[in-house]
Amino acid sequence: MMIPQAPKDLDNIFEETIAIKTTQDIVNARQKGRDLAQRYAFSKSEQTRFATAISELTRNVLTYATAGQCSFTVTCTNKKDTISARIMDNGPGISDLELALQDGYSGGKGLGLGLPGAKRLVHTFEMSSSPGLTIIDISICRQKR
Amino acid sequence: MNIIPILCLQSNLIASIQTELTDEQALAFQSALLEKNHKLNTRGIIIDVSMLDVIDSYMAKVLSDLTIMVKLQGAKVVLCGVQPAVASTLVDMGMRLNSLETFLSLDHAFAYLTKEQARNMDE
């Protein structure tokens, strides 16, 4: 696979969207996340953390909504590479965002570690939610020397 | 359907997870182990996860549930080969897998189980 050269100016050089409908899509999404992190020379630990965060968040899509999607964007500047993932679903939404980010709180059948756990695994984590649309943006970035 | 081969060695079951599992495959693997444990009357189960790059909260729950289920059957589950990145991710996530006994390698896990089983026979 060809590795794109980092352009001088800010540029989105990779975009891909994976629809989340079955548990196989969870596996595909986290593999994609790990592959991207690997391709852009993130450490093994960062690859695993990013993939695990995507796994948790895309599973939430299937648990709380019927379907959703996970979109990846890679942004390269001459200072740093950033891999972002946006996980969206059409579920009922999260009424109390602060509560949902507390350890041990679960609206469903899980361990209640999905959201707060995923937040600790990535560099940035932003969440917005209303009935019918929940969007979670996560990213990891790597400074270039 | 379970896609992970389960081998029997000196009344211990050994299974190595070589591929990423979907939730359904993880559950199928769990029940296949319980069935085989019951049928073969094994004393220990070793699960090798050295090829797994990701153990998320779901997989962690499947494994720790399995440990408790197998304990009810009168046998023991041990895990081996947890990757360094997976170990740190699990801790950062806040996952406490206290019920799981883990070993660095298959060698260590098997040696531990056979030693323990020999001791139980003596008593």
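Residues numbered from 1 in each chain as written. Chains lettered and ligands numbered in written order. Predicted model: local features only at pLDDT ≥ 70, side-chain atom pairs only at ≥ 80, totals over all residues.

1. So, the overall build of chain B
Argument step 1. If you tally the helices and strands in chain B, you get 4 helices and 5 strands.
Argument step 2. Along chain B, from the amino end to the carboxyl end, the secondary structure elements read β-β-α-β-α-β-α-β-α.
Argument step 3. At 14 Å, chain B has a C-alpha radius of gyration in line with the 14 Å of a compact globule built from 123 residues. (Helix = DSSP H or I, 4+ residues; strand = E, 2+ residues; numbered from the N terminus. Rg over C-alpha atoms; globule rule 2.2 N^0.38 Å.)

2. Topic: the packing of helix α2 (residues 44–64) of chain A against helix α3 (residues 84–93) of chain B
Argument step 1. Contact pair α2 of chain A / α3 of chain B: the axes reach a minimum separation of 9 Å and the direction vectors enclose 50 degrees. By the angle class used here, α2 of chain A and α3 of chain B are oblique. Handedness of the α2 of chain A/α3 of chain B crossing: right-handed. The residues of α3 of chain B that touch α2 of chain A, namely those facing K44, S45, T48, R49 and T52 of chain A, are A85, V86, S88 and T89 of chain B.
Argument step 2. Partitioning the contact of α2 of chain A with α3 of chain B into residue classes produces 2 nonpolar, 5 polar and 2 charged. (Axes fitted to C-alpha atoms, helices over the stretch in contact; angles between N-to-C directions. Parallel < 35°, antiparallel > 145°, perpendicular 65-115°, else oblique. Left-handed = near helix turned anticlockwise from the far one by under 90°. Contact = placed C-beta atoms within 7 Å. Nonpolar A, V, L, I, M, F, W, Y, C, P; charged D, E, K, R; others polar.)

3. What to know about the sheet that holds strand β5 (residues 101–103) of chain B
Residue and element names in this part refer to chain B.
Argument step 1. Strand order in the open sheet made by the 5 strands is β1-β2-β3-β4-β5, with mixed pairing throughout. Unpaired on one side and paired on the other, β1 (6–9) and β5 mark the two borders of the sheet. Going across the sheet, the axis of each strand differs from the next one's by a mean of 25 degrees, ignoring polarity.
Argument step 2. Where strand β4 (residues 76–80) meets β5, 3 bridges bridge the pair, whose relative direction is parallel. (Pairing = 2+ DSSP bridges.)

4. As for the interface of chain B and chain A
Size of an interface: often given as the accessible area lost when the parts come together.
Argument step 1. Every contact between the two is made by 18 residues of chain B and, on the other side, 23 residues of chain A.
Argument step 2. Sorting the residues of the side of chain B that touches chain A by element identifies α1 (23–40), α2 (57–73) and α3 of chain B as the ones contributing at least two each.
Argument step 3. The dominant element in the side of chain B that touches chain A, judged by the number of residues it contributes, is α3 of chain B, at 6 residues.
Argument step 4. Residue composition of the side of chain B that touches chain A, by class: 6 nonpolar, 5 polar and 7 charged.

5. Observations regarding α2 of chain B
Argument step 1. Its 17 residues give α2 of chain B an end-to-end C-alpha distance of 24 Å, which sits within 8% of 24 Å, the value for a rise of 1.5 Å per residue.
Argument step 2. Of all the positions in α2 of chain B, only S57, Y58, M59, L63, L66, T67 and V70 of chain B are classed as buried.
Argument step 3. Buried residues in α2 of chain B make contact with α2 and α4 (114–121) of chain A together with α1, β3 (44–48), β4 and α3 of chain B. (Expected span 1.5 Å × (residues − 1). Buried ≥ 20, exposed ≤ 12 C-beta atoms within 10 Å, placed from the backbone.)

6. Describing the confidence of the model for chain B
Argument step 1. With 100% of its residues at a pLDDT of 70 or more, chain B shows a mean pLDDT of 93.
Argument step 2. In the model output, the complex is listed with pTM 0.89 alongside ipTM 0.90. (pLDDT = per-residue confidence, 0-100.)

7. Considerations on the nonpolar core
Argument step 1. Membership of the largest hydrophobic core comes to 57 residues, with the highest contact counts inside it found for F50, A53 and I54 of chain A together with I45 and I46 of chain B.
Argument step 2. If one sorts the elements of this core by residue count, α2 of chain A sits on top with 6 residues.
Argument step 3. The residues touching I45 of chain B, leaving out its near neighbours within four places in the chain, are N12, L13, L33, N37, V70, A75 and V77 of chain B. (Core = buried A, V, L, I, M, F, W, Y, C linked by C-beta atoms within 7 Å.)

8. Considerations on the environment of N60 of chain A
Argument step 1. The residue N60 of chain A is located in helix α2 in this model.
Argument step 2. For the pair formed by N60 of chain A and I94 of chain A, sequence separation is 34 residues and the distance between their alpha carbons is 11 Å.

9. Observations regarding unusual backbone geometry
Argument step 1. A positive phi angle, close to 60 degrees, is found at A41 of chain A, a residue other than glycine.
Argument step 2. If you trace the backbone, A41 of chain A turns up in the loop between α1 (23–39) and α2.
Argument step 3. The class of A41 of chain A is exposed, set by 12 C-beta atoms lying within 10 Å.
Argument step 4. The phi dihedral of S11 of chain B falls on the positive side, at around 55 degrees, and the residue is not glycine.
Argument step 5. Within the fold, S11 of chain B resides in the loop between β1 and β2 (12–16).
Argument step 6. Among the residues examined, S11 of chain B registers 14 C-beta atoms within 10 Å and is labelled partly exposed.

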